[in-house]
Amino acid sequence: MARSYSVYDVFTDRKLAGNPLAIIYDADDLSDEAMQCIAKEMNLSETVFVQRPGNPAYVARIRIFTPGRELPFAGHPTVGTAIALAEQAHGGSTLDLVSVLEENIGPVRCAVRLAEGEASFAEFDLPRKSQQINMPLDRLGIANALSLKVTEIGFENHVPSLWSAGVPFLMIPVHDVGAAQRLDFDPQLWEETVPFVDGALASAYVYCRGGVNHVAKFHARMFASGMGIVEDPATGSAVAALSGAINHFDKLTDGHHGVMVEQGVEMGRPSFIHLHMDIEGGAIANARIGGKAVRVASGTLEL
């Protein structure tokens, strides 16, 4: 059966930057095995399969697959799919709308802004707040897996820690942008060093303050050999997890905090991920992830 698909570059306002996302429409009849095989064929960080929602009030149900496994939730698939479905429904209109995507983690509320002649923007409420996972971590082993000195791991009071807002990440603060750019990730040493969380190898999210671009408050890189991803140019689910680490280590004051995270710079795919946190009583009351996306391809999948 032939079915249509699109490819969007997400967390960017220009083509051939950001994180590419494949979106397969009318995927209700596809088996789990078929979706995993198609994700391997697409060979992108994630491929989304759009299905009819269980709740008619929702715009769609989506399944998210990396080349290696299915995810319960992910950021750039949520942003990209919300924009793609809104553009399908409303063409080149200038419009603000709210929709809900049904994901394995649960319903995800998305706000979409369409602007004629400009890249569309979408923002979603985190379906699950970031929670710390307390497990012993080998700081020297982490440094070796990144080919860095152990003294380059950590800055201020930030130290390696495990966090998850649906997908677990080992957050690794490094001294500066130079260390982030210089690191050399060794997947074998990583697998020998870091823990498994819920049966899956924790992915590496390396971050530091500042950035190559002046708008960025944090610079980041993500490595997920356990998902079949060598390096990811933009990872919304990791920034969702990072929100917990930022609040924990920086002890944010009550009120609203906006953070821009740049990622993918070393890959030549610069990405900009908007993180907004509302802090009440020292805890995250609400958090949102957002970014722009542009369509770069569309066609027919002949399967």
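Now for a quick tour of the structure. (Residues numbered from 1 in each chain as written. Predicted model: local features only at pLDDT ≥ 70, side-chain atom pairs only at ≥ 80, totals over all residues. Heavy atoms only, no water.)

Some points on the overall build of the protein
Right, on to step 1. For the protein, the helix and strand inventory stands at six helices and 19 strands.
Right, on to step 2. Counting over 303 residues, the protein shows a buried share of 56%.
Right, on to step 3. Partitioning the contacts of the protein with sequence separation of at least 6, the portion at a separation of at least 24 is 63%.
Right, on to step 4. Averaging the coordinates of the 23 positive side-chain charges in the protein and doing the same for the 36 negative ones gives two points 3 Å apart. (Helix = DSSP H or I, 4+ residues; strand = E, 2+ residues; numbered from the N terminus. Buried < 20%, exposed > 50% of the residue type's maximum accessible area, 1.4 Å probe, protein only. Contact = heavy atoms within 4.5 Å. Lys, Arg positive; Asp, Glu negative; His and termini not counted. Charge placed at Lys NZ, Arg CZ, Asp CG, Glu CD.)

Some remarks on the packing of aromatic side chains
Right, on to step 1. Throughout the structure, instances matching the rule amount to seven aromatic pairs.
Right, on to step 2. With centroids separated by 6.4 Å and ring planes inclined at 65°, the aromatic side chains of Phe169 and Tyr205 adopt a geometry described as edge-to-face. Here Phe169, found in strand β11 (residues 168-173), pairs with Tyr205, found in strand β14 (residues 203-209); they are 36 residues apart in sequence, far enough to count as distant.
Right, on to step 3. By relative accessible area, Tyr205 is classed as buried at 0%. (Phe/Tyr/Trp six-rings, centres within 6.5 Å; stacked < 30°, edge-to-face > 60°.)

Topic: the nonpolar core
Right, on to step 1. Residues Met171, Tyr205, Tyr207, Val261, Met277 and Ile289 are the most contacted members of the largest nonpolar core, which totals 64 residues.
Right, on to step 2. In terms of residue count, helix α6 (residues 236-250) provides more of this core than any other element does, eight residues in total.
Right, on to step 3. Excluding residues within four positions of it along the chain, Val261 makes contact with Tyr205, Phe218, Ala220, Val239, Leu242, Ser271, Phe272 and Ile273.
Right, on to step 4. Judged by nonpolar contacts, the second largest core, of 24 residues, contains Leu146, Val177, Ala180 and Val197. (Core = buried A, V, L, I, M, F, W, Y, C linked by side-chain atoms within 4.5 Å.)

Some points on the side chain of Asp278
Right, on to step 1. Looking at the element boundaries, Asp278 is found in strand β18 (residues 271-280).
Right, on to step 2. A distance of 3.1 Å separates the side chain of Asp278 from the side chain of Arg288, its partner in a polar contact.
Right, on to step 3. When sequence neighbours within four positions are dropped, the list of residues in contact with Asp278 reads Gly255, His256, Ala283, Ile284, Ala285, Asn286 and Arg288. (Polar contact = N/O pair within 3.5 Å; in protein donor to acceptor, adjacent residues only side chain to side chain.)

Brief notes about the environment of Glu156
Right, on to step 1. Inspection of the secondary structure puts Glu156 in the loop between α3 (139-145) and β10 (161-164).
Right, on to step 2. Here the alpha-carbon distance between Glu156 and Ala60, two residues 96 residues apart in the chain, equals 43 Å.
Right, on to step 3. Side chain to side chain, Glu156 and Arg209 meet in a polar contact 2.8 Å long.

Observations concerning the side chain of Arg269
Right, on to step 1. In this fold, Arg269 is placed in the loop between β17 (255-263) and β18.
Right, on to step 2. Setting aside residues up to four positions removed in sequence, Arg269 forms contacts with Asp9, Leu16, Ala17, Gly18, Pro20, Pro233, Gln263 and Gly264.

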